[in-house]
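Each chain, written out:
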Amino acid sequence: MDVWVTVVGVAADARFRDLTTVLSDPGEDPDIYLPFVQQSTGSFDVVVRSQNGGLTSARLIQQAVSELDPSLPIYDVAPMSRVLATQTASARF
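1. Description of the overall build of the chain
Link 1 in the chain: Across its full length, the chain holds two helices and zero strands.
Link 2 in the chain: The burial tally for the chain puts 3% of its 93 residues in the buried class.
Link 3 in the chain: Taking the contacts inside the chain whose residues are at least 6 apart along the sequence as the reference set, 25% of them involve residues at least 24 apart.
Link 4 in the chain: Accessible surface, the chain as shown: approximately 8900 Å² in total, 57% of it carbon and sulfur.

Printed below as a string of structure tokens:
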């Protein structure tokens, strides 16, 4: 079944899936951003820039989310350096 959507804008190339995907590869399907209510996967990522970093930031993020909705789970809080290291580990190996 084909699904029609209305294009409301075009974004520049972005590393959405991972850092190693060749964006110009004709075999790669393009990434499409859809409203969360139309294409929910049940979870999403949030990126926060912080000057103090570390566990202090993680606690502040968890506190802020809990104030909005205490039933929302927060997990896998990690510094961007760890996320990048995990994504590039195979290539570096």
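2. Structural notes on helix α2 (residues 80-92)
Link 1 in the chain: The terminal C-alpha atoms of α2, which comprises 13 residues, lie 17 Å apart, in line with the 18 Å expected from a rise of 1.5 Å per residue.
Link 2 in the chain: Maximum bend of α2: about 35°, positioned at threonine 86.

3. A look at the pattern of salt bridges
Link 1 in the chain: Inspection of every chain in the model, using the stated rule, returns one salt bridge.
Link 2 in the chain: Aspartate 76 is the partner of arginine 82 in a salt bridge, and the nearest nitrogen-oxygen pair spans 3.3 Å.

4. So, the environment of valine 7
Link 1 in the chain: In this structure, valine 7 sits in the segment before α1 (54-68).
Link 2 in the chain: For the pair valine 7 and isoleucine 32, spaced 25 residues apart in the sequence, the C-alpha separation amounts to 9.7 Å.

5. Considerations on unusual backbone geometry
Link 1 in the chain: The phi angle at aspartate 76 is positive, at roughly 55°, despite the residue not being glycine.
Link 2 in the chain: Looking at the element boundaries, aspartate 76 is found in the loop between α1 and α2.
Link 3 in the chain: Looking at aspartate 76, the relative accessible area reads 61%, which means it is exposed.

6. Comments concerning a nonpolar patch on the surface
Link 1 in the chain: A cluster of nonpolar side chains, contributed by Val3, Val5, Ile32 and Leu34, occupies part of the molecular surface with about 390 Å² of accessible area.
Link 2 in the chain: By secondary structure assignment, the location of isoleucine 32 is in the segment before α1.
Link 3 in the chain: According to the relative accessible area criterion, isoleucine 32 is exposed, its value standing at 63%.

What counts as what
Residues numbered from 1 in each chain as written. Predicted model: local features only at pLDDT ≥ 70, side-chain atom pairs only at ≥ 80, totals over all residues. Heavy atoms only, no water. Helix = DSSP H or I, 4+ residues; strand = E, 2+ residues; numbered from the N terminus. Buried < 20%, exposed > 50% of the residue type's maximum accessible area, 1.4 Å probe, protein only. Contact = heavy atoms within 4.5 Å. Areas by Shrake-Rupley, 256 points an atom, 1.4 Å probe, with all protein chains shown as cover. Expected span 1.5 Å × (residues − 1). Bend = angle between axes of the 7 residues up to and from the residue. Salt bridge = Lys/Arg side-chain N within 4 Å of Asp/Glu carboxyl O. Patch = residues over 30% accessible without salt bridge, like charges linked within 9 Å, V, L, I, M, F, W, Y side chains within 5 Å.

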